[in-house]
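So the chains spell out like this:
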Amino acid sequence: MNTITALITAYKTGETTPTAVVSAYLDVIAAVDSGINAFLAVYKDEALAAAATATKRYATAAPDEVLPPLLGIPLAIKNNILIEGQLATAASKMLENYTATYDATIIQRLRDAGAIFIGAANLDEFAMGGSTENSAFRATHNPHDLDRVPGGSSGGSAAAVAADMVPAAIGTDTGGSVRQPASFCGLVGFKPTYGAVSRYGLMAMGSSLDQAGPLTNTTADAKLLHDIMSGLDPMDATTIAPDTYPTVETKDTYTFGVPRSFLTEDVDADVLAAFDAHVESLKAAGHTVVDIDLPMFEAGLAAYYIVMPAEVSSNLARYDGIRYGFSASGDDLLDVYKNTRAQGFGAEVKRRILLGTHVLSAGYYDAYYGKAEIVRRKMRAELDQTFKTVDIILTPTAPTPAFKLGEQSDPLAMYRQDIFTVPVNLTGVPAISFPLGTVDRDGKALPIGVQYIAPHAGDERLFDAGVKIYDSSLSPK
Amino acid sequence: MLICHHMNRDEILHLGELSRIALTDQEVSTLETELSAIVSYVSTVTDIAGDDADATPQVGARYNVLRPDVVTNEPDQYTQAMLQEMPKTRGRQLQVKRILKTN
């Protein structure tokens, strides 16, 4: 396991160089990725050139020179994030040959900080799914058990880090797409407060829900990446200022709230046992753990599967074969649209567009979208009340460990995977998933995760808790 | 309470028209089952939202976002790159299908 912080130290002391490290990661990718499929593209030449520049910069730096914080650090980037001049496919046939014409803001910021983009990570098509099986090109496998999924939609990003093909990766999270793969692959995965990170240059899925976040081996690395990516961006009007929300303090010990009635029979028994053991370890470390009621939070999944498809159907209307991307032939303009979208989109994307069109259509809007927004507002009010008495809400990240490829064929059953993660996106609060050990399945040790949820703008509190509770439990490398 | 909302073939085809997606017969029959199950499930929001008279739907928090009214990119900065991505072009223009018929 490599961490960004350890690599930076090793670069500065001259113990190793970006060229040596990037070459070593490229070797791992060449050796193992054919069995995992974490990457859709590897930017070998660009990465080696950038590594050579970074190596030279370390060699010639003055002793007191302040170097960019990620100088020489290779990252995998989910392929729904634009890198100028590289294919940005969203793992869809619709954009199979689409080359990004500009850098996303987060890419620009990571580039300015010295990061090296080593490759494009696989995902569920347009980030829709929880297994990376919906990629139009190939399914990604979980490095802990190649018969199982890595989670999704940021499954390529998670698998790349878990298989040591890269020290960290960037994903996007609309309903759990960073946290759930982090849980399945044994990583730290962070979903920031809504508006903390610019979406300029990210392919929009659910615009009231989407955020980009890191997948890393430690909390410290997640914080490092988030601090570079976050902040106001004139190109994204939804980005928030430091004073948009009241300050959320960090503390020596925290009060954790557990929504006990939410932990039902749908949660795997081993996951529940590990979760309860974590609760006990928090108490032993001097934290307080109390039971809480979150009835609206528990009802969030139904609201999510109205709001998200509604926004998907609007956001994906732009892929019509006219201005960019795949274009099918047709007798008239309407046929061009219909044929392009029939041939360019996969089954799950079509399903969500049709569902979104239904819930937004005349006569149904009030019954579905209107009611879902009322539920959403009640969820926010319920959270505001809850955070008056607790600092952090605690749930499992996903109800089960990673499932097998092809095992979940019923869409509704797949959606239930998101039960603990979607309320976070619906309310816009930040959350982070930490590894919680492993459970045994078919002789393989499968990682599981625990989710910490903080109030709006409580990102720093989650990092603080993570460093104290999770990072401190890791053996020093 | 879970209410069964069966979506029939005509409704699915209508959604396909509205969504500008041509659907095969096979897709229509699969979607009949899948969308009916999903719509029945999401209908539970009606009960969850309740009969709160004050609860008018409102999407997110509202505030104004303004930027200075200035040009933010150079002329032709993205033109060639964007032309490259267009399915059909003529010179510096995007070529589209005729939508008005001539007699």
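Residues numbered from 1 in each chain as written. Chains lettered and ligands numbered in written order. Predicted model: local features only at pLDDT ≥ 70, side-chain atom pairs only at ≥ 80, totals over all residues.

Student: How should the overall build of chain A be read in this particular structure?
Tutor: Tallying secondary structure elements over chain A gives 16 helices and 11 strands in all. A compact globule built from 477 residues should have a C-alpha radius of gyration of about 23 Å, and chain A, at 21 Å, falls within 12% of that. Its C-alpha atoms give chain A principal-axis dimensions of about 70 × 60 × 50 Å. Here chain A holds 477 residues, and the buried ones make up 59% of them. (Helix = DSSP H or I, 4+ residues; strand = E, 2+ residues; numbered from the N terminus. Rg over C-alpha atoms; globule rule 2.2 N^0.38 Å. Buried ≥ 20, exposed ≤ 12 C-beta atoms within 10 Å, placed from the backbone.)

Student: It is not clear to me how the overall build of chain B should be interpreted in this structure. Could you clarify?
Tutor: If you tally the helices and strands in chain B, you get four helices and two strands. Counting helices and strands in the order they occur from the N terminus, chain B gives α-α-α-α-β-β. Relative to its full complement of 103 residues, chain B shows a buried share of 17%. At a minimum sequence separation of 6, the contacts of chain B that also span at least 24 residues come to 47%. (Contact = placed C-beta atoms within 7 Å.)

Student: Explain the pairing of strand 9 (residues 392–396) of chain A here, please?
Tutor: A regular strand places its side chains so that they alternate between the two faces of the sheet. All names here are of chain A. Counting buried residues in strand 9 gives five out of five residues, a clear majority hidden from the surface. Across two bridges, the pairing between strand 7 (residues 255–258) and strand 9 is parallel. Residue Phe256 lies in a different strand from strand 9, and its bridge partner there is Ile392. In terms of strand pairing, strand 9 meets strand 11 (residues 444–453) through four bridges, oriented antiparallel. Note that in strand 11 the partner of Ile393 across the bridge is Ile453. (Pairing = 2+ DSSP bridges.)

Student: Can you walk me through the interface of chain B and chain A in this structure?
Tutor: Interfaces are often sized by the amount of accessible area the parts lose when they come together. Taken together, the contact pairs 38 residues of chain B with 46 residues of chain A. Counting only elements with at least two residues in the side of chain B that touches chain A, the list comes to helix 1 (9–19), helix 2 (25–42), helix 3 (45–49) and helix 4 (79–85) of chain B. Examining the composition of the side of chain B that touches chain A, we find that eight residues originate from one element, helix 2 of chain B, more than from any other. Across the side of chain B that touches chain A, the residue classes break down as 26 nonpolar, six polar and six charged. (Nonpolar A, V, L, I, M, F, W, Y, C, P; charged D, E, K, R; others polar.)

Student: Where do I start with the sheet that holds strand 10 (residues 431–441) of chain A in this structure?
Tutor: Two modes of strand pairing occur in sheets, parallel and antiparallel, and in both the strands are linked by backbone hydrogen bonds. Residues and elements named next belong to chain A. Reading across from one edge, 1-3-2-4-6-5-10-11-9-7-8 is the order of the 11 strands in this open sheet, with mixed pairing throughout. Every other strand in the sheet has two partners, leaving strand 1 (39–42) and strand 8 (288–291) as the edge strands with one partner each. The mean angle between the axes of side-by-side strands here comes to 30°, regardless of whether they run parallel or antiparallel. Sheet strands in contact with helix 5 (residues 155–162) are strand 1, strand 2 (74–78), strand 3 (116–121), strand 4 (168–173) and strand 6 (211–216), and its direction is about 160° off that of strand 4. (Axes fitted to C-alpha atoms, helices over the stretch in contact; angles between N-to-C directions.)

Student: Where do I start with the pairing of strand 3 of chain A in this structure?
Tutor: Residue and element names in this part refer to chain A. Of all six residues making up strand 3, six are buried, and the element is well covered by its neighbours. One ladder, built from three bridges, connects strand 1 with strand 3; its direction is antiparallel. Pairing of Val42 across the sheet is with Gly119, part of strand 3. Sheet analysis places strand 2 next to strand 3, joined by five bridges and oriented parallel. Looking at the pairing, Ile77 lines up with Ala120 of strand 3.

Student: What is the right way to read the nonpolar core from this model?
Tutor: Where a protein is soluble and globular, its nonpolar side chains tend to be buried together. Residues and elements named next belong to chain A. Counting residues in each nonpolar core, the largest one holds 154 residues, and the members touching the most others are Leu75, Ile116, Ala160 and Ile306. The leading source of residues in this core is helix 10 (residues 300–315), at 10 residues. Not counting residues within four places of it along the chain, the set of residues in contact with Ala160 comprises Ala38, Phe39, Ala76, Ala121, Met165, Val166 and Ala169. (Core = buried A, V, L, I, M, F, W, Y, C linked by C-beta atoms within 7 Å.)

Student: Sorry, what's going on with the environment of Ala91 of chain A here?
Tutor: Residues and elements named next belong to chain A. Its place among the elements puts Ala91 in the loop between strand 2 and helix 4 (105–112). By C-beta crowding, Ala91 is classed as buried, having 33 other C-beta atoms within 10 Å. Each C-alpha atom of the pair Ala91 and Ala127 lies 8.4 Å from the other, and the pair is 36 residues apart in sequence. When residues no more than four places from it in sequence are discounted, the contact partners of Ala91 are Leu40, Asn79, Asn122, Leu123, Asp124, Glu125, Ser135, Ala136 and Phe137.

Student: Please explain helix 1 of chain B as it appears in this structure.
Tutor: In an α-helix, one turn spans 3.6 residues; hence positions three or four apart end up facing the same way. Every buried residue belonging to helix 1 of chain B is among Glu11, Ile12, Leu15, Gly16 and Ser19 of chain B, and all of these are buried. Along helix 1 of chain B, the residues classed as buried sweep out an arc of 145° about the axis, all on the same side. Turned more than 90 degrees from where helix 1 of chain B packs its buried face, Arg9 and Asp10 of chain B sit exposed. Residues of helix 1 of chain B that are buried sit in contact with helix 10 and helix 12 (347–360) of chain A together with helix 2 of chain B. Just downstream of helix 1 of chain B lies Arg20 of chain B, where phi reads positive at about 60°. (Arc of directions from axis to C-beta.)

Student: Where do I start with the packing of helix 10 of chain A against helix 2 of chain B in this structure?
Tutor: A pair of packed helices can be characterised by two numbers: the angle between their axes and the separation between those axes. Relative to each other, helix 10 of chain A and helix 2 of chain B sit at 120°, their axes nearing to 8 Å. Judged on the interaxial angle alone, helix 2 of chain B and helix 10 of chain A are oblique. Contact residues: helix 10 of chain A offers Ala302, Tyr305 and Ile306 of chain A, while helix 2 of chain B offers Ile38, Tyr41 and Val42 of chain B. Tallied by class, residues from the contact of helix 10 of chain A with helix 2 of chain B come to six nonpolar, no polar and no charged. (Parallel < 35°, antiparallel > 145°, perpendicular 65-115°, else oblique.)

None of this, on its own, says anything about what the molecule does.
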